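One letter stands for each residue in the lines below.
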Amino acid sequence: MEILVSDIPEEGLHLEGSFPKKIFALDPKDSIRAVGDVSYEVDIFSLEEMLAFAGQLRGEFELQCGLCLEYFPYQANFSMWSSELDLEDGQRAFDLSEVVREDTLLLLPSHPRCDEFGATDCCPRAHLLIEGEQEPIEEVAEKEKADDTWSALDDWQEKGGSQ
Ligand SMILES: [Zn+2]
């Protein structure tokens, strides 16, 4: 969806609509699957040599659990979306669907777990790890640290992971 930079008034351009899931053009083996349209509501401002975007993005996805590798449903609702686009010399138009595509993929959680988002009570793979394999638990712990979600790890330990 091409938008002319010259069409953006000083007070900003408000747009609402949706793009079909095909804009994502994801490989079926990708850890992200787009399930439906992605809808947007955005105010676009034209600043010197750049555009600023503020609004919200919504869409249905399936994400692959980083542990059990099963796909689980994920409802994206990014209500505080903001973004910028640098304009090239002489650039007069841009494609809004590309901005929506890139930002949505960026905002989706990386290395998600199925139980983190309520798709399962406890990831089946996490249970297997607690049963015996020591090394993967540490890997998971590292990952949890990086993601700053210690509470999930505490939950496992209470269920017997530290015995
Ligand atoms: Zn899982």
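Since the structure is predicted, the reported quantities are computational estimates derived from the model, not experimental observations.

Rules used in this analysis
- Residues numbered from 1 in each chain as written.
- Predicted model: local features only at pLDDT ≥ 70, side-chain atom pairs only at ≥ 80, totals over all residues.
- Heavy atoms only, no water.
- Donors = N, O, S within 2.8 Å, 3.2 Å for Na, K, Ca; no water.
- Helix = DSSP H or I, 4+ residues; strand = E, 2+ residues; numbered from the N terminus.
- Buried < 20%, exposed > 50% of the residue type's maximum accessible area, 1.4 Å probe, protein only.
- pLDDT = per-residue confidence, 0-100.
- Salt bridge = Lys/Arg side-chain N within 4 Å of Asp/Glu carboxyl O.

**A short note on the coordination of the zinc ion**
At 2.2 to 2.3 Å from the zinc ion lie its protein donor atoms, namely C65 (SG), C68 (SG), C114 (SG) and C123 (SG). Sequence positions of the residues that donate to the zinc ion give the spacing C-x2-C-x45-C-x8-C. Taken together, the residues span a long stretch of sequence, with C65 in the loop between β4 (50-64) and β5 (71-86) and C114 in the loop between α1 (96-107) and α2 (124-131) at a distance of 49 residues. According to the relative accessible area criterion, C65 is buried, its value standing at 1%. Its relative accessible area of 3% is what places C114 among the buried residues.

**Topic: the confidence of the model for the protein chain**
Summarising the model, the protein chain shows a mean pLDDT of 86, and 77% of its residues fall at 70 or more. When mean pLDDT is compared element by element in the protein chain, strand β2 (residues 13-19) scores highest at 98, while helix α3 (residues 134-147) scores lowest at 54.

**Let's talk about the pattern of salt bridges**
All told, the structure shown has 2 salt bridges when counted by the stated rule. R33 is the partner of E62 in a salt bridge, and the nearest nitrogen-oxygen pair spans 3.5 Å. Placement of E62 in strand β4 and of R33 in strand β3 (residues 32-47) is noted, with a sequence separation of 29 residues between them. Taking the relative accessible area as the measure of exposure, E62 reaches 28% and is therefore partly exposed. Between R113 and D115 there is a salt bridge, with its nearest N and O atoms 2.4 Å apart. Its relative accessible area of 4% is what places R113 among the buried residues.

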